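Overview (structure and organization)
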Amino acid sequence: MTAVPFGDFRAHLEPLRAEIDAAIARVLESGWFILGPECEAFERELAAEMGCRDVVAVANGTEAIQLALEAAGLRAGDEVITSPLSAAFTALAIERAGGTPVFADLDPKTLNVDPQAVARAVTPRTRAIVPVHLYGHPADMDPILATAAERGLAVVEDACQAHGARYKGRTVGTLTPLGTHSYYPTKNLGAFGDGGAVLVNDPALLPQLRRLRNGGQSDRYRHEIPGINSRLDEIQAAILRVKLRHLSAATERRRQIAATYGAELAGLGLGLPEEQPYARAVYHLYVVRHPRRDALMADLKVRGIGTLIHYPIPLHLQPVFARLGGRTGDLPVAEAAAAEIFSLPIYPEMSDAQVRAVTTALREALRSLPA
Ligand SMILES: *Cc1c(COP(=O)(O)O)cnc(C)c1O
């Protein structure tokens, strides 16, 4: 039996080890640990790779979203429409920026927010939309951007799971004035610790963001606005520069594994992700769907295959957001999805034998489901 853990950091580190060791050593020798030359170089290199004007590296993806919303002019009590199927951090960031999250139901084809549901959720208090490019598949941005233009709303893309994914040929995170990345270790581009970035396409917002991440300082020890401490460590920036050089090859391998899964798992009664005509997905996660999800996951575990659920509780039903008044039945597409989805292992270091082990185990698990 070929075991396939859900993730494998050792396999990830091994081929990069010499480059990473050299990068860390360089920072230690420099004696400069916060907001220095590595961070600046990473910001430049990421902007070139993603095709945006500028980048402001920050401490994590949550604060990237928070600071982007603050820079976009969010005010206390403003409503921000977002997806109910995401890391809870998306909605927590909206609250930290002073906003009230409003969850719009999903497009069942992609499990991204449904542009029509977004349009219906707009009220006179709505100020912004945060679409999430979930699992590495772009949200359908054009109708969302049309609603935003019509109603005068800001849009901040949550591209935390979608580094380098493309919507109609354009890299996500660069379709709006401000987009956001997370470099949490498991993300397609991951630090060995926390990290994040705001992708900046409107140069007018750049100075504000640079201040916001560093206590609101305009000059050293002169604080103009109430910023926070959200700085990227030089060590993480140096590591991210190494990983960025390998990102497009890693993405190709993810897409190859996804194609194999798609071919091998078709016709088995399993809901499979489908890349939409407007999308080039980067498969941060490979999420399948089945009414007997829990039984399948348990069977796969016995067969040595690691799986997880992203995410088991839709955000409108999370205890922390109960005060927003969400009820079971409010968002039927998201609720049905959360009850049926599970994620198969997908990472660039998986061997072909491991990919085959997953599809074989899943076929057998499906065949042996008790009636
Ligand atoms: C990871 C993630 C975040 C939060 O990023 P952190 O770096 O963990 O703060 C936000 N949104 C989505 C969709 C994510 O996957």
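Structure's up top.
Quick look at the structure, then.

Rules behind the numbers
- Residues numbered from 1 in each chain as written.
- Predicted model: local features only at pLDDT ≥ 70, side-chain atom pairs only at ≥ 80, totals over all residues.
- Heavy atoms only, no water.
- Near = heavy atom within 4 Å.
- Polar contact = N/O pair within 3.5 Å; in protein donor to acceptor, adjacent residues only side chain to side chain.
- Areas by Shrake-Rupley, 256 points an atom, 1.4 Å probe, with all protein chains shown as cover.
- Helix = DSSP H or I, 4+ residues; strand = E, 2+ residues; numbered from the N terminus.
- Nonpolar A, V, L, I, M, F, W, Y, C, P; charged D, E, K, R; others polar.
- Expected span 1.5 Å × (residues − 1).
- Buried < 20%, exposed > 50% of the residue type's maximum accessible area, 1.4 Å probe, protein only.
- Arc of directions from axis to C-beta.
- Contact = heavy atoms within 4.5 Å.
- Pairing = 2+ DSSP bridges.
- Axes fitted to C-alpha atoms, helices over the stretch in contact; angles between N-to-C directions.

Notes on the site of the ligand
Of all residues adjacent to the ligand, which total 14 residues, the nearest are G61, T62, D158, S182 and K187. Interatomic distance of 3.2 Å between a side-chain N/O atom of T90 and a nitrogen atom of the ligand. Relative to its unbound accessible surface of 380 Å², the ligand loses 94% to contact with the protein. Breaking the shell around the ligand down by element, the ones donating at least two residues are α4 (61-71) and α5 (88-96). Its residues assigned to classes, the shell around the ligand shows four nonpolar, eight polar and two charged.

Quick word on helix α2 (residues 17-30)
When the terminal C-alpha atoms of α2 are compared, their 20 Å separation across 14 residues agrees well with the 20 Å that a helix rising 1.5 Å per residue should span. Among the residues making up α2, those that are buried are I20, A23 and V27. One face of α2 carries all of its buried residues, which in axial projection span an arc of 65 degrees. When the buried face of α2 is taken as reference, the exposed residues oriented beyond 90 degrees from it are A18 and E29. Here the buried face of α2 lies against α3 (37-50) and α9 (234-245). Where α2 terminates, the next one or two residues include G31, which has phi positive at roughly 70 degrees.

A look at the sheet that holds strand β4 (residues 126-130)
Strand order in the open sheet formed by seven strands is β1-β9-β8-β5-β4-β2-β3, with mixed pairing between adjacent strands. Each of the sheet's edge strands pairs with one partner strand only, and the pair in question is β1 (54-58) and β3 (100-103). When strand polarity is set aside, the average angle formed by the axes of neighbouring strands in this sheet is 25 degrees. With four bridges connecting them, strand β2 (residues 79-82) and β3 associate as parallel partners. The residue of β3 that forms the bridge with V80 is P101. Its contacts with the sheet put α4 on β1, β4, β5 (154-158), β8 (178-182) and β9 (196-200), and the angle it makes with β8 is roughly 165 degrees. Relative to the sheet, helix α7 (residues 141-151) contacts β4 and β5, its axis offset from that of β5 by approximately 150 degrees.

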